[in-house]
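# An overview of the molecular structure
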Amino acid sequence: MTTPALLPLLGRRIPTLSPGASSFPHHRATLRLSEKFILLLILSAFITLCFGAFFFLPDNSKHKRFDFGLEDVLIPHIESEKEARHGSRQVIHGVGAHDEHRHRYITVRDRVVTATRQEFQMSREEEESLRDKIRADHERVLQEAKEKLRKSKEELKAEIQTEKTKVAEDLKKKDGPNPLPPVPMPKVVGVNDGDPGDPDIKEKRDKIREMMKHAWDSYRQYGWGHNELKPIAKKGHSTNIFGNSQMGATIVDALDTLYIMDLHEEFKDGQEWIEQNLDFSVNAEVSVFEVNIRFIGGLLAAYYLSGQEVFKLKAVQLAEKLLPAFNTPTGIPWAMVNLKSGVGRNWGWASAGSSILAEFGTLHMEFVHLTYLTGKPAYYQKVMHIRKLLAKMDRPNGLYPNYLNPRTGRWGQHHTSVGGLGDSFYEYLLKAWLMSDKTDTEARKTYDDAIEAIERHLIRKSNGGLTYIGEWKNGHLERKMGHLTCFAGGMFALGADGSPEDKAGHYLQLGAEIAHTCHESYDRTVLKLGPEAFKFDSGLEAVAVRQNEKYYILRPEVIETYWYMWRFTHDPKYRQWGWEAAQAIDKYCRVSGGFSGVKDVYSSNPTYDDVQQSFFLAETLKYLYLLFSSDELLPLESWVFNTEAHPLPVLHLGNITLPGSETQR
């Protein structure tokens, strides 16, 4: 400030007064009010400045702690030998002679090593040891990298695959299923040998074994890991029943056939693949029915035959993936379920989104065994709930329609068949009774009632004297019988013992008549192989009319009936008929890459469909092999075959109660 009046009093210059100088103004003894105010304002500003300096300037002790923390943690100071001799004095940036350390260059490695040393109070020898270790690790990594670069691409891929397999196995061990409770192993008898004694029959049996080996070896070479095989194209094949996944359906389906044929090396190969590759945690929508009869049935049979725990564990893992399919308003399962998400749905073509009788009605055998092996009641309760629900429903003419809506619990289209869509429902009623050691009388009663209605409304005799089973559609009988229906001859023979009103002889005879009709369907073709379906009207009997019914896809049902009829009657014609079928398959279906179905059994020069079905190994070849074996191989008193020909032991429960069965009574 340059104006004198604005300066403090002690800074102002006052002129000397001369006596008598009247012209000089009179001197004021006091300051003006404005000057006092300005002076007070300046004084308060000075005090505020001092006060702020006292409280807000950095405290020296705090600064030291901050500086020490930074030095000690982020840029540790390495003491020289001289400093070490003078004690462990702290180095503080900006203080005295130590300020030079602020700009010292410290390498990253020295920082890490020194920080580690200060934290754990390492000695100098330990510090040097750590540096040597880091140096050695560095050299080792470089050496490993050089060795990797010397290896071929194939060797590197193999190493990577080995590491991936090891990681997968470790994860499986860590996240594997809980151990299953110990349960008594059902009595297992007649799992090998079965020598028929007769050299001619043994030669035929050996031929069936050779056919099995050709089918398996071709799949092993061209389709390994895929669900099925295209034997002409010589590559893997799959259908929508397995979703988009490659689950090795042929491997699982064929295991028990390999075992009873004493093809143990092939069985071992299949077991190793299952142990290492069979994974159900895949985003795949599969058929609940097909996966149950082929995979769960096949795995359970392999377990009971071989005793290998891996098959039981895999069966249980898969069964858990199927349970969400039962999450419907009625408890009737969806036809398909996504193994990863658990979302289910039905086939779009099945009578307004209905579930199919042969699908939801063909779970009982496998699910009862699952409850027996795991102690988990859910499996048994699910299938018993289905039975109870059906028992409460009205049945037109005592017949079970093929379609049931899982949302409403009402029947769909009134179409009844003992062939496709209905067949194995009736089969499993009978086999539930047999598998329970004939204690499940409710199942037997349900079976008997159903067969009585079928006889009354579906079974007829043609003008030529052939007994056939037609299909009931909206009150009308269609005079057509499918290849799938031919299993019923064996079912009638199997259920003859225990029939009501002493009808055992009647049902055994009925089985023989159905076997004869189905043999005629084979014998009346050019290839001596049966068509998919055949009619009994317009003067034609046991002959296919439509082109889309003339194909043969390696189906087993006719041979299945031959085997059951042989077991119960020992009539040699059944072995003869079976041998005719085996020769025809070997002649017309065998190709260099396996066995293929044919599109027209009435053509002398048939076209192949180029599919080797998994059920050909599971059923067709197994029934042929059993047909030419002695009755001691898988005796029917001890084994019950599921609808995919997988043998499951009779559960002689005795005093054992299945978990969950108490709530069903």
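Another point: the pattern of salt bridges. As enumerated under the stated definition, the model contains 35 salt bridges in all. One salt bridge in this structure joins K388 and E442, with 2.9 Å as the shortest N-O distance. Of this pair, K388 sits in helix α14 (residues 378-392) while E442 sits in helix α16 (residues 441-457); the two residues are 54 residues apart in sequence, bridging distant segments of the chain. Under the relative-accessibility criterion, E442 is labelled partly exposed at 32%. Across the pair E478 and K473 runs a salt bridge, and its minimum N-O distance is 3.3 Å. Each of K207, E210, D586 and R590 takes part in a single network of salt bridges with overlapping partners.

Within the secondary structure layout, G307 lies in the loop between α10 (288-306) and α11 (309-322). For the pair formed by G307 and M185, sequence separation is 122 residues and the distance between their alpha carbons is 9.1 Å.

For the protein, mean pLDDT is 85; residues scoring 70 or higher make up 80% of the total. Confidence drops under pLDDT 50 across residues 1-29; counting only partners more than four residues distant or on other chains, this segment forms 14 contacts. Note on residues 59-106: pLDDT is under 50 here. Beyond four places in sequence and across chains, it has 44 contacts.

In this structure the tally under the stated criterion is 1 disulfide. Note that C486 is cross-linked by a disulfide to C518, the S-S spacing being 2.0 Å. Classification of the bridge connecting C486 and C518 rests on its S-S torsion, roughly -100 degrees, and on that basis the disulfide is left-handed. Here the residue C486 occupies a position in the loop between β13 (480-482) and α17 (488-494), and C518 occupies one in helix α18 (residues 504-523), the gap between them amounting to 32 residues.

What follows is about the sheet that holds β13. Strand order in this open sheet of 3 strands is β13-β14-β15, and the pairing throughout is antiparallel. Two strands in the sheet have a free side with no partner beyond their single neighbour: β13 and β15 (540-543). With strand direction ignored, the average angle separating the axes of adjacent strands in the sheet is 15 degrees. Looking at chain direction, β13 and strand β14 (residues 533-537) are connected through 3 bridges and run antiparallel. Counted as the bridge partner of G482 is A533 from β14.

Time to look at the sheet that holds strand β11 (residues 471-473). Taken in spatial order, the 3 strands line up as β8-β11-β12 in an open sheet, and their pairing is antiparallel. In this open sheet, the two strands that pair with only one neighbour each are β8 (415-416) and β12 (476-478). In this sheet, β11 lies alongside β8 in antiparallel orientation, the contact comprising 2 bridges. Paired with T416 across the two strands is W472, which belongs to β11.

Conventions we followed
Residues numbered from 1 in each chain as written. Predicted model: local features only at pLDDT ≥ 70, side-chain atom pairs only at ≥ 80, totals over all residues. Heavy atoms only, no water. Salt bridge = Lys/Arg side-chain N within 4 Å of Asp/Glu carboxyl O. Helix = DSSP H or I, 4+ residues; strand = E, 2+ residues; numbered from the N terminus. Buried < 20%, exposed > 50% of the residue type's maximum accessible area, 1.4 Å probe, protein only. pLDDT = per-residue confidence, 0-100. Contact = heavy atoms within 4.5 Å. Disulfide = S-S within 2.5 Å. Pairing = 2+ DSSP bridges. Axes fitted to C-alpha atoms, helices over the stretch in contact; angles between N-to-C directions.

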